[in-house]
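# Descriptive structure summary
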Amino acid sequence: MRETVGELVRRLRLARGWSQRRLAEALAEAASGRVPPTRNDVSRWEIGTRSPREWLPFLAQVLQVPREMLEMAKAVQPVESAPRVLSVADFLPEGDPLAPLRARTGRRIGAGQVADLVQRVHDLRLADDVVYGKDLIGPALRELQAAVKLYREGTHTEEVGR
């Protein structure tokens, strides 16, 4: 019987003698410039409540296995599959959803709009502490879609784009 990606990550992590925190730190080093995963993220991957989809290349690098091995394990469904908790990543299209459109004819985006987006994300994170996830996913997805549309269709400097 094949392992799920969570089971595989756990087995490879334990074979190295690493804690979940140590794996998260190694991933943060490998993916410098990205928001690093936490120990809780690693735990969620291992128990199957979250998918490490965007972290597969970094997991392969850090755990020193072929990426294909992790991708094949990702396709394996747990034997006793409880209803899976969806994450925002499950609603994003494959590939890079933030890839700029070919024709950039939208409005100019400045640091002020970026600051507004940062504040809205912060507000959603605070709401996540007190609002049931099922009730928050709709507003969070609308915010995400609006931010992606603004990024893809707007014009901005390279610094603002980062």
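The notes below deal with the structure included here. (Residues numbered from 1 in each chain as written. Predicted model: local features only at pLDDT ≥ 70, side-chain atom pairs only at ≥ 80, totals over all residues. Heavy atoms only, no water.)

Further remarks concern the overall build of the chain. The helix and strand tally for the chain stands at 8 helices and 0 strands. For the chain, the succession of helices and strands along the chain, N to C, is α-α-α-α-α-α-α-α. Expressed as a percentage of its 162 residues, the buried residues of the chain come to 27%. Only carbon and sulfur atoms are counted for the fraction: they give 53% of the accessible area of the chain, which is about 11100 Å². (Helix = DSSP H or I, 4+ residues; strand = E, 2+ residues; numbered from the N terminus. Buried < 20%, exposed > 50% of the residue type's maximum accessible area, 1.4 Å probe, protein only. Areas by Shrake-Rupley, 256 points an atom, 1.4 Å probe, with all protein chains shown as cover.)

This paragraph deals with the pattern of salt bridges. In total, this model carries 5 salt bridges according to the counting rule given. Here arginine 67 ties to glutamate 71 by a salt bridge, and the two come within 2.8 Å at their closest N and O atoms. Of this pair, arginine 67 and glutamate 71 are both found in helix α5 (residues 67-74), 4 residues apart, which corresponds to roughly one turn of the helix. Classification of arginine 67 by relative accessible area gives partly exposed; the value is 37%. A relative accessible area of 35% means that glutamate 71 is categorised as partly exposed. For arginine 120, the salt bridge is made with glutamate 143, and the minimal N-O distance between the two is 2.5 Å. With arginine 120 in helix α6 (residues 111-128) and glutamate 143 in helix α7 (residues 133-153), this pair connects stretches of sequence that are 23 residues apart. A relative accessible area of 44% places arginine 120 in the partly exposed class. In this structure glutamate 143 comes out as partly exposed when scored by relative accessible area, which is 23%. (Salt bridge = Lys/Arg side-chain N within 4 Å of Asp/Glu carboxyl O.)

The next thing to look at is the packing of aromatic side chains. One pass over the structure, following the stated rule, counts 2 aromatic pairs. The interplanar angle of 40 degrees and the centroid separation of 6.5 Å between the aromatic rings of tryptophan 45 and tryptophan 55 together place this pair among those described as tilted. Taken together, the residues tryptophan 45 in helix α3 (residues 39-47) and tryptophan 55 in the loop between α3 and α4 (56-63) connect sequence positions 10 residues apart. Residues tryptophan 45 and tryptophan 55 agree in their burial class; the two are buried. Ring-pair connections join several aromatic residues into one group, and the members of that group are Trp45, Trp55 and Phe58. Seen from the ring of tryptophan 18, arginine 22 lies directly overhead, with NZ or CZ sitting 4.7 Å from the centre. (Phe/Tyr/Trp six-rings, centres within 6.5 Å; stacked < 30°, edge-to-face > 60°. Lys NZ or Arg CZ within 6 Å of the ring centre and 35° of its normal.)

Take unusual backbone geometry next. Its identity is not glycine, yet glutamine 64 carries a phi of approximately 55 degrees, on the positive side. On the secondary structure map, glutamine 64 appears in the loop between α4 and α5. With a relative accessible area of 65%, glutamine 64 lands in the exposed category.

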